[in-house]
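These are the residues of each chain, in order.
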Amino acid sequence: MDFSLSEEQLMIQQAAKDFAQNELLPGIVERDDAQKFPWELVEKMAGLGFMGMMVDEKYGGSGLDTLSYVLAMEELSKVDASASVMVSVNNSLVCWGLDAFGTEAQKEKYLTRLASGEVIGAFCLSEPEAGSDATSQKTTAIDKGDHYILNGTKNWITNGSSAEIYLVIAQTDTEKGHRGINALIVEKGMDGFEIGPKENKLGIRGSDTHSLIFNDVKIPKENRIGEDGFGFKFAMKTLSGGRIGIAAQALGIAAGAYELSKKYAKERKAFGTEIANHQAIAFKLADMHTKIQAARYLVYQAACDKDAGKDYSLSGAMAKLYASEVAMETAVEAVQIHGGNGFVKEYHVERLMRDAKITQIYEGTSEIQKMVISRSILKD
Ligand code: CAA
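Being a predicted model, the structure only gives us computed values, none of them experimental.

The next point concerns helix α10 (residues 349-359). The buried fraction of α10 is high, at 8 of 11 residues. When we look at burial in α10, the residues that qualify are Val349, Glu350, Arg351, Leu352, Arg354, Asp355, Ala356 and Thr359. Residues of α10 that are buried in the fold lie against α2 (28-34), α4 (66-79), α5 (81-101), α7 (231-267) and α9 (313-342).

Dropping the structure here:
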C-alpha cells in the first residue's frame, strides 16, 4: 500500500505539528496538574479548521479526507492527548454522526456550529451499568407523540461540561432490545439536564469528563437522528469511525514518547558515552520504531478504507487495538529510558504514559476490539 501524502495532506500535518509545538506544549504540565483546557486553544484549533475536518465546507467544515484528519490527530497527540481527544470526539463522533445521518434541518442548526468550532459536542453512550455492553441502556427516552421525555445518567462523557450539543443514546422500547434505542440531540440548558461533577482522572487530565443527569428532559421529535429505533446502529456506525481517530491518537502518543526518548538517549551520558550507544537502550528504540511504523500502517489503512468507501469497522478495530497497545508499551519504555527523569513531570513521558492508558479503554476496550475483529473474521 502506498501512503505517499499529497501536498495538502503534508501541509495539514505541518500545521498540526507547528500548533502542537507552539501552542499546546507551553503550559501543558500546568494544565495537566490543574485538569484544565483553556477555551482559547479550542478557538485556535477551530481557526485552523481542526474541529470539523471531514465535514463539507457548506456546513462550516474543512472538507478534508479521513487521512488528513488522522495526520492532524497524530501530530496533536504527540504533545497533548487532552486536546486531541476533544478534537477526536467533536470530529468523529459528533460531526461525522450528524453529517452522515442528520436531517438537513439538523445539519443547518447544529452541524454548522459544531464543524466550525463555534461550539463543541459530546457523544453520550456509556452509563454506570452500560460500558462495553452498550445495548444495556438504562437511560430512557419515552415517546410522547411530538417529543420524548429523557431520564437517566450517562458516565465518563468527554467534553462533558464544555460541550453545548450532546448526542444522547437512550432506550425507547425495551421490548425491542437494541432496535428500540434512539439517538437524540440534546442542548445544554434544556430543563432537567444537569452536568455532574468532573472526574479526577489518571490521564488526559486537560479534557473535561463528567457524568450527565437527565431528569424529565423534553426533547422535540425533530431532534431524533434517523428513523425510530436507529439509535444503536447510529452509535455503532459512528464508533467505527471514532476508533480510527483514537487509533491515530494512540499512534501520536507512541510517536511522541519515542521522539522524546530518542533525543534523550542521544544526549544523556552514562558509563562514558551517550546512552543510545548502549545496546540495552538502542534495542528499545529499535523495537519502538518498528512497532510505531506497523501501527501507522494500520491506522492509515483504516483511514484510506473509509475514504475509499470500503467497510472500515474491521480495519478501524485492528488499528485501535494495535496502536493503543503500542502506545502503552512505548510510553512505559520511554519512562524507563529516561530513568529518574522519566518519573518527573517536566520530561513529559510520564504524562504520555498516563495518557496512553485510556486509548486501550475508551471507544471500545481492547477486549471489545477483539470481539469486533474475531466476529468479523469468523463470520464467513
Ligand atoms: N456498524 C453497524 N451496525 C453494527 C455494528 C457496526 N459497527 N456493530 C454492531 N452492529 C449492529 C449489528 O449488526 C446488530 O444489528 P442486527 O441485530 O440488526 O443484525 C446490532 O448492531 C447489535 O449488534 P450485536 O448483536 O453485535 O451487539 P452486542 O450486544 O453483541 O454488542 C458490541 C456489540 C460491538 C460489543 C458493542 O456493544 C460495542 O461496541 N461495545 C463497546 C461500546 C463502546 O465502544 N463504548 C465507547 C463509549 S463512547 C466513548 O468512549 C466516547 C468518548 O467520550 C471518548
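In the neighbourhood of the ligand, 26 residues make up the surrounding shell, with Ser132, Thr158, Lys233, Arg243 and Arg375 lying closest. In the model, a nitrogen atom of the ligand is placed 2.8 Å from a nitrogen or oxygen of the serine 132 main chain. Taking arginine 243, its side chain carries an N or O atom lying 2.8 Å from an oxygen atom of the ligand. Coverage of the ligand by the protein chains reaches 75% of its 1,100 Å² of free accessible surface. When residues of the shell around the ligand are traced back to their parent elements, those giving at least two are α5, α7 and α11 (366-378). The biggest single contributor to the shell around the ligand is α7, with 7 residues.

As a further point, take the nonpolar core. One finds Leu24, Met45 and Val299 to be the most contacted residues of the largest nonpolar core, which totals 99 residues. With residues near it in sequence (within four places) discarded, valine 299 still touches Val70, Ile244, Ala247, Ala248, Leu251, Ala319 and Ala323. Ranked by size, the runner-up nonpolar core spans 18 residues in total, among them Ile157, Ala163, Val168 and Phe193.

Another aspect to go through is the packing of α7 against α9. Helix-helix packing: each pair is described by the crossing angle between the helix axes and the interaxial distance. The geometry of α7 relative to α9 is characterised by a closest axis approach of 7 Å and an angle of 25° between their N-to-C directions. With respect to each other, α7 and α9 are oriented roughly parallel. Viewed along their axes, α7 and α9 form a crossing whose handedness is left-handed. Residues of the contact of α7 with α9, tallied by class, amount to 19 nonpolar, 8 polar and 2 charged.

The element strand β5 (residues 181-187) is largely enclosed, with a buried count of 6 among its 7 residues. Across 7 bridges, the pairing between strand β4 (residues 165-171) and β5 is antiparallel. Within β5, the position partnered with valine 168 by the bridge is leucine 184.

So, about the environment of leucine 114. Position of leucine 114 among the secondary structure elements: in helix α6 (residues 104-115). For leucine 114, a relative accessible area of 0% translates into the label buried. Note: C-alpha distance between leucine 114 and lysine 154 (40 residues apart in sequence) is 21 Å.

The UniProt record marks residues 231-378 with the feature "domain: Acyl-CoA dehydrogenase/oxidase C-terminal" (unreviewed entry), using the residue numbering of this structure. With 81% helix and 3% strand, the stretch residues 231-378 has end C-alpha atoms that lie 26 Å from each other.

Evaluation of the coordinates by the stated rule reveals 9 aromatic pairs. Their ring planes at 85° and their centres at 5.7 Å tell us that tryptophan 96 and phenylalanine 101 sit as a pair that is edge-to-face. For tryptophan 96, a relative accessible area of 18% gives the class buried. By relative accessible area, which is 23% here, phenylalanine 101 ends up partly exposed. Geometrically, the ring pair formed by tyrosine 166 and phenylalanine 193 is edge-to-face, given 4.9 Å between the ring centres and 90° between the ring planes. Separated by 27 residues along the polypeptide, tyrosine 166 in strand β4 and phenylalanine 193 in strand β6 (residues 193-198) bring together distant segments of the chain. Note on accessibility: tyrosine 166 and phenylalanine 193 belong to one class, buried.

Cut-offs applied
- Residues numbered from 1 in each chain as written.
- Predicted model: local features only at pLDDT ≥ 70, side-chain atom pairs only at ≥ 80, totals over all residues.
- Heavy atoms only, no water.
- Buried < 20%, exposed > 50% of the residue type's maximum accessible area, 1.4 Å probe, protein only.
- Helix = DSSP H or I, 4+ residues; strand = E, 2+ residues; numbered from the N terminus.
- Contact = heavy atoms within 4.5 Å.
- Near = heavy atom within 4 Å.
- Polar contact = N/O pair within 3.5 Å; in protein donor to acceptor, adjacent residues only side chain to side chain.
- Areas by Shrake-Rupley, 256 points an atom, 1.4 Å probe, with all protein chains shown as cover.
- Core = buried A, V, L, I, M, F, W, Y, C linked by side-chain atoms within 4.5 Å.
- Axes fitted to C-alpha atoms, helices over the stretch in contact; angles between N-to-C directions.
- Parallel < 35°, antiparallel > 145°, perpendicular 65-115°, else oblique.
- Left-handed = near helix turned anticlockwise from the far one by under 90°.
- Nonpolar A, V, L, I, M, F, W, Y, C, P; charged D, E, K, R; others polar.
- Pairing = 2+ DSSP bridges.
- UniProt positions renumbered as here; feature names shortened; annotations may be inferred.
- Phe/Tyr/Trp six-rings, centres within 6.5 Å; stacked < 30°, edge-to-face > 60°.

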